[in-house]
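# Fold and geometry: a report
Below are the chains, spelled out letter by letter.
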Amino acid sequence: MKYDMNERLVEKIDRLRKQRRAVILAHNYQPGEIQDLADFTGDSLGLSVRASKTDADVIVFCGVRFMAETAAILSPGKTVLLPEKAAGCPMADMITAEQLRRLKREYPDALVVCYVNSTAEVKAESDYCCTSANAVEIVSSLPDGRIIFVPDQHLGRFVAERTGRDLVLWPGYCTTHILITEDDIKAARGKYPDAVVMAHPECSEPVKELADELLSTGQMLKFVAKSTAQQFIVATEIGIIHALRKQNPQAEFYPASTRAVCPNMKKITLDKVIASLEDMQYEITVPEQIRTRARKSLDRMVEVLPAR
Ligand code: 13P
Ligand code: SF4
């Protein structure tokens, strides 16, 4: 019988996860084998909610740093581990707390909404947090007046358009989603004329204009489950295609661009999950004075507009 290395590694992870009383959370962009072993997979909103509700002692976060930080903010009594310490999100690092404070001084009457793809310090400076799944609802729920929206300009423009609100945008962007071009969508449509084009709001505006549906990764999974279409062009990080194919074996999924790979999401491997559980690394903590302030903006997101 063929010796299956991955199976042995997964068995080892199962033993360790029981010993440590750990729960493994994986984002929809994680490598397929990591999604398959996780206790829970989902989008940023689903993972935040799950992190806040688990009774495990340890959360192993297979994703990027801001996600593990969010779990640490929501679950202060738990040990939160990120299996690769260099798995960051370039977009989250495009605005610092000091830059946001300066922006707040420029617009002293504005409320601040930060995308969850941000550092704990930036969340601490914000009134509300949001994910791509609930950004429109969060912004719509706010009283009249100007709103500062950081750090993603592309999600921000999508929210401004859907809500008609006056948003002060920060020029942050996702280094992976901007690799998907207008020409990619046109070429994919030419090849698969019957396919539905789903794009993530982090994509550029010309790409979003060509899409049929603008959805977070979790919303893409829900949309496809209900759709009668058989073919889908997927304009987001290609890791989601693993989950889409698994949940919808009868349908066909085509990446809008095979370049849409987030190198940080792909830094998590089976070996690193083992090392993480064995050596309890890399623990993600947030200083208490930042944590309590960041928690307020996250509470509004998790409790006021919970995942459906
Ligand atoms: P969602 O899974 O919430 O759609 O987020 C996309 C993303 O880029 C996370 O880093
Ligand atoms: Fe950050 Fe983009 Fe990677 Fe998401 S896909 S973690 S926004 S770089």
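## Overview of the pattern of salt bridges
With the rule as written, the count across this model stands at 20 salt bridges. With its nearest N and O atoms 3.2 Å apart, the salt bridge here joins E125 to R293. With E125 in the loop between α6 (120-124) and β6 (128-130) and R293 in helix α14 (residues 288-304), this residue pair connects regions lying 168 residues apart in the sequence. The buried category is assigned to E125, whose relative accessible area is 9%. According to the relative accessible area criterion, R293 is partly exposed, its value standing at 37%. Ionic contacts of the salt-bridge type, sharing partners, join the residues E98, R101, R102, K104, R105, E125 and R293 into one network.

## Concerning the packing of helix α3 (residues 44-53) against helix α4 (residues 65-74)
Running from amino to carboxyl end, α3 crosses α4 at an angle of 35°, the nearest separation of the two axes being 8 Å. Relative to α4, α3 is oriented so that their crossing is right-handed. Across from S44, S48, A51 and S52 in α3, the residues of α4 making contact are M67, T70, A71 and L74. Across the contact of α3 with α4, the residue classes tally to 4 nonpolar, 4 polar and no charged.

## Description of the site of ligand 2
Around ligand 2, a shell composed of Y29, V64, C89, P90, N117, C174, E202, C262 and M265 is seen. Among the residues forming the shell around ligand 2, the class breakdown is 7 nonpolar, 1 polar and 1 charged.

## Here's the deal with the side chain of S44
As for its position among the elements, S44 is in helix α3. Residues in contact with S44, not counting those within four places in the same chain, are H27, M67, V116 and T131.

## So, the site of ligand 1
Taken together, 14 residues form the shell around ligand 1, and within it H27, S44, H200, E202 and T217 come nearest. Side-chain polar atom of H27 to an oxygen atom of ligand 1: 2.7 Å apart, as the coordinates give it. One of the side-chain N or O atoms of S132 is found 3.1 Å from an oxygen atom in ligand 1.

## A word on unusual backbone geometry
A cis geometry characterises the amide bond from V150 onward to P151, with omega recorded as -10°. Its location among the elements puts P151 in the loop between β7 (147-150) and α8 (153-163). Omega for the peptide link from Q281 to Y282 comes to -10°, which places this bond in the cis form. Residue position: Y282 is located in the loop between α13 (270-279) and α14. Its identity as a non-glycine residue notwithstanding, R21 has a phi of 50°, on the positive side. In this structure, R21 sits in the loop between α1 (5-19) and β1 (22-27). Backbone geometry at M280 places phi at a positive 50°, although glycine is not the residue there. Within the secondary structure, M280 sits in the loop between α13 and α14. The exposure class of M280 is partly exposed, given its relative accessible area of 26%.

## Comments concerning the nonpolar core
In terms of nonpolar packing, the biggest core is built from 77 residues, with V113 and V150 touching the most fellow members. With 7 residues, the top contributor of residues to this core is α4. Membership of the second largest hydrophobic core comes to 19 residues, among which are L16, L37, A38 and V273.

What counts as what
- Residues numbered from 1 in each chain as written.
- Chains lettered and ligands numbered in written order.
- Predicted model: local features only at pLDDT ≥ 70, side-chain atom pairs only at ≥ 80, totals over all residues.
- Heavy atoms only, no water.
- Salt bridge = Lys/Arg side-chain N within 4 Å of Asp/Glu carboxyl O.
- Helix = DSSP H or I, 4+ residues; strand = E, 2+ residues; numbered from the N terminus.
- Buried < 20%, exposed > 50% of the residue type's maximum accessible area, 1.4 Å probe, protein only.
- Axes fitted to C-alpha atoms, helices over the stretch in contact; angles between N-to-C directions.
- Left-handed = near helix turned anticlockwise from the far one by under 90°.
- Contact = heavy atoms within 4.5 Å.
- Nonpolar A, V, L, I, M, F, W, Y, C, P; charged D, E, K, R; others polar.
- Near = heavy atom within 4 Å.
- Polar contact = N/O pair within 3.5 Å; in protein donor to acceptor, adjacent residues only side chain to side chain.
- Core = buried A, V, L, I, M, F, W, Y, C linked by side-chain atoms within 4.5 Å.

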